[in-house]
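Overview (structure and organization)
Spelled out, the chains give:
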There are 2 protein chains.
Amino acid sequence: MNDGAGAFKQSPGAGAATCHGDEGDSCHRVGHSPGKRRLSELTEQLRAKSRKITGPRQKILDVLRMNRHPVTIKELFAQMPRGDCDLVTVYRSLHLLESMGMVKRFDFGDGTARFELIDGPDGGHHHHLICTRCESIVELEDCFAKEMELSVAKRNGFASVTHRLEFFGICPKCQ
Amino acid sequence: MNDGAGAFKQSPGAGAATCHGDEGDSCHRVGHSPGKRRLSELTEQLRAKSRKITGPRQKILDVLRMNRHPVTIKELFAQMPRGDCDLVTVYRSLHLLESMGMVKRFDFGDGTARFELIDGPDGGHHHHLICTRCESIVELEDCFAKEMELSVAKRNGFASVTHRLEFFGICPKCQ
DNA sequence: CACTTAATGCAAATCACTTGCAAAGGTGGA
DNA sequence: TCCACCTTTGCAAGTGATTTGCATTAAGTG
Ligand SMILES: [Mn+2]
Ligand SMILES: [Mn+2]
Ligand SMILES: [Zn+2]
Ligand SMILES: [Zn+2]
C-alpha cells in the first residue's frame, strides 16, 4: 500500500498480450535479441532429451523467442494464435522447459511467474529494473551480486549459493 | 525441479508452528533479538496513529516480537493460542502493520509472503540466506546492493529505486 | 502402418490471499 | 462510568495463479 520497495502490482490486463518486443526502450542486455535463436535450434534441444516436438511446444518456444523480456504465462498464452493449445499445456510446457534449463523463471513479487528463454551461458543469470508504474522492464546485463554471494556463502558455511535480485523504481516516462 | 537458483519450496507443514526462535544457528544481524522491543512500545505506535489496540493485534505483535526470522501468516497464526482470532484477521493486521511501516514483507520465491517486525532504521532493510533443504534462515546484516541501486538508477534514469535480494543455498547441516 | 508412451484438453482441485457483510468491541467524549 | 460511533472481527464466499486426475490424442519408433 505505501510499500517503499513494494511488490510490483500488475494492473489487470495492462501491457499484456499486444506488443511482443518493446517500443524503443533502453535494453542493456546484449544477448537475447528477439528471434535471435532459430526455432530449429530450440526444438533440437527437446529432441536431444527425447522429448516430443509437438505443435504447442513449438508455438510456445516461438513466442518465447520473440520476447526480449520475461513474460507471464498469460501473456505467452495470449500471444499464441487462439485455439492453439490449452492454458494448462503452457504451464506444463514451461515446467518442462525450466527443468531442462531452457527457460528461467523470474519473480517480480506480484503473484505471477515470468519466464525468459535462456540465452547466454551462466544459465542466463541476470537481473531486471522494473517500473512500478507502467511495468516497463529494463534488462540488466551485469550481475552485481556474485562477490557477495561468495562472501555470504563462505561466512555462513553454505554451499551452492545463488541469489535472486530485482530492482524496482519509476522509469523516466513515469516520473 | 532441477532449478539452480530455484524457488524455495516449503515442505508442507515442515518447520512451522513449533519453534519460535531457533535452535542455535548463526545470526549475523545485530538488531531484532527476540522479544527485544516491549509490547507496549509497539502498541503505542498503533495508538499514535489512532488505530485500535485489540486483542488479536496484541497477540500478533507479540508473536512477531518472538520471531527473529520472517514468518509466514500461517506460522504466525499457528503460534497464537488456538481460537485467539481468525486467519483473516491476521492477514488484515499484517496489511495494517505493513502500511504503518511496522513490519516488512519478504518474498522467498515460494508463493507465500513472510513478515518481520521492523527494528532498526532504514525501514529494516536487509537480506536473507535461506537453506533450500531445511528452510533454515540466516539474517544478513549488510546490504551490499545500495551502490548498485544508485548506479542502476542513474544509468537508466529511474527514480526511487529499491531492490529485493535473497540468497539461497545448502546450509552446513544439510550438505 | 501399428505400437507404445508421452502429451494434451477439460474439469475440478489447491493455495494464498481478498472481499462482503453483519455482529462485536475499542475509544473519546458526555 | 456510560454511550454512541466507528473500527475491527468472524464467517463465508470469491479471486487468481497454478496444479492434478483422467480419458483421449498423437509423436516417435521400427
Ligand atoms: Mn531478462
Ligand atoms: Mn530478516
Ligand atoms: Zn546476480
Ligand atoms: Zn539491500
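These numbers come from a predicted model, not from an experiment.

**Quick notes on the protein's contact with DNA strand D**
By nearness alone, 22 residues border DNA strand D, and Lys74(A), Arg57(B), Asp86(B), Thr89(B) and Arg92(B) come closest of all. Among the atoms of DNA strand D close to the protein, meaning within 4 Å, 69% are from sugar or phosphate groups. Contact distances for DNA strand D include 3.0 Å between a phosphate oxygen and a backbone N or O atom of Ile53(A). In the model, a base oxygen of DNA strand D is placed 3.4 Å from a nitrogen or oxygen of the Arg92(A) side chain. Per-element tally for the surface near DNA strand D: the top contributor is helix H4 (residues 87-99) of chain A, with 4 residues. Residue composition of the surface near DNA strand D, by class: 7 nonpolar, 6 polar and 9 charged.

**A word on the environment of Ile118(A)**
The topology assignment puts Ile118(A) in the loop between strand S3 (113-117) and strand S4 (127-131). A relative accessible area of 14% places Ile118(A) in the buried class.

**Re the nonpolar core**
Among the nonpolar cores identified, the biggest contains 28 residues, and Leu129(A), Phe167(A), Leu129(B) and Phe167(B) are the most heavily contacted of them. If you list the elements that add at least two residues to this core, you get S4, strand S5 (137-140), helix H5 (146-156) and strand S6 (159-170) of chain A together with strand S4 (127-131), strand S5 (137-140), helix H5 (146-156) and strand S6 (159-170) of chain B.

**Things to note about the environment of Ser160(A)**
Topologically, Ser160(A) is positioned in strand S6. Judged by relative accessible area, which is 59%, Ser160(A) ranks as exposed. Along the sequence, Ser160(A) and Leu150(A) sit 10 residues apart, while their C-alpha atoms lie 9.6 Å from each other. Beyond its immediate stretch of four places on either side in the chain, Ser160(A) contacts Phe168(B), Gly169(B) and Ile170(B).

Calculation rules
- As a convention, each chain's residues are numbered from 1 in the sequence order in which they are written.
- Written order determines the labels here, with chains lettered from A and ligands numbered from 1.
- The predicted origin of the model limits local features to residues at a pLDDT of at least 70 and limits the giving and counting of side-chain atom pairs to 80 or more, whereas totals for whole chains, interfaces and linings rest on all residues.
- The basis for every side-chain value is the complete set of non-hydrogen atoms in the structure, without hydrogens or water.
- Working definition: residue near molecule or strand if any one of its non-hydrogen atoms lies within 4 Å of it.
- Under the rule applied, a polar contact is a pair of N or O atoms within 3.5 Å (in protein, one hydrogen donor and one hydrogen acceptor; residues adjacent in sequence only if both atoms are side-chain atoms).
- Runs of E in the DSSP output that reach at least two residues are strands. Runs of H or I that reach at least four are helices, and both are numbered from the N terminus.
- Gly falls in the polar group here, along with every residue not listed as nonpolar (Ala, Val, Leu, Ile, Met, Phe, Trp, Tyr, Cys, Pro) or charged (Asp, Glu, Lys, Arg).
- With a 1.4 Å probe rolled over the protein chains alone, any residue whose accessible area is under 20% of its type maximum counts as buried; one over 50% counts as exposed, and the rest are partly exposed.
- Nonpolar cores were defined as sets of buried Ala, Val, Leu, Ile, Met, Phe, Trp, Tyr and Cys residues, with membership established by side-chain atoms within 4.5 Å.
- Throughout, a contact is declared for two residues whenever any of their heavy atoms are within 4.5 Å.

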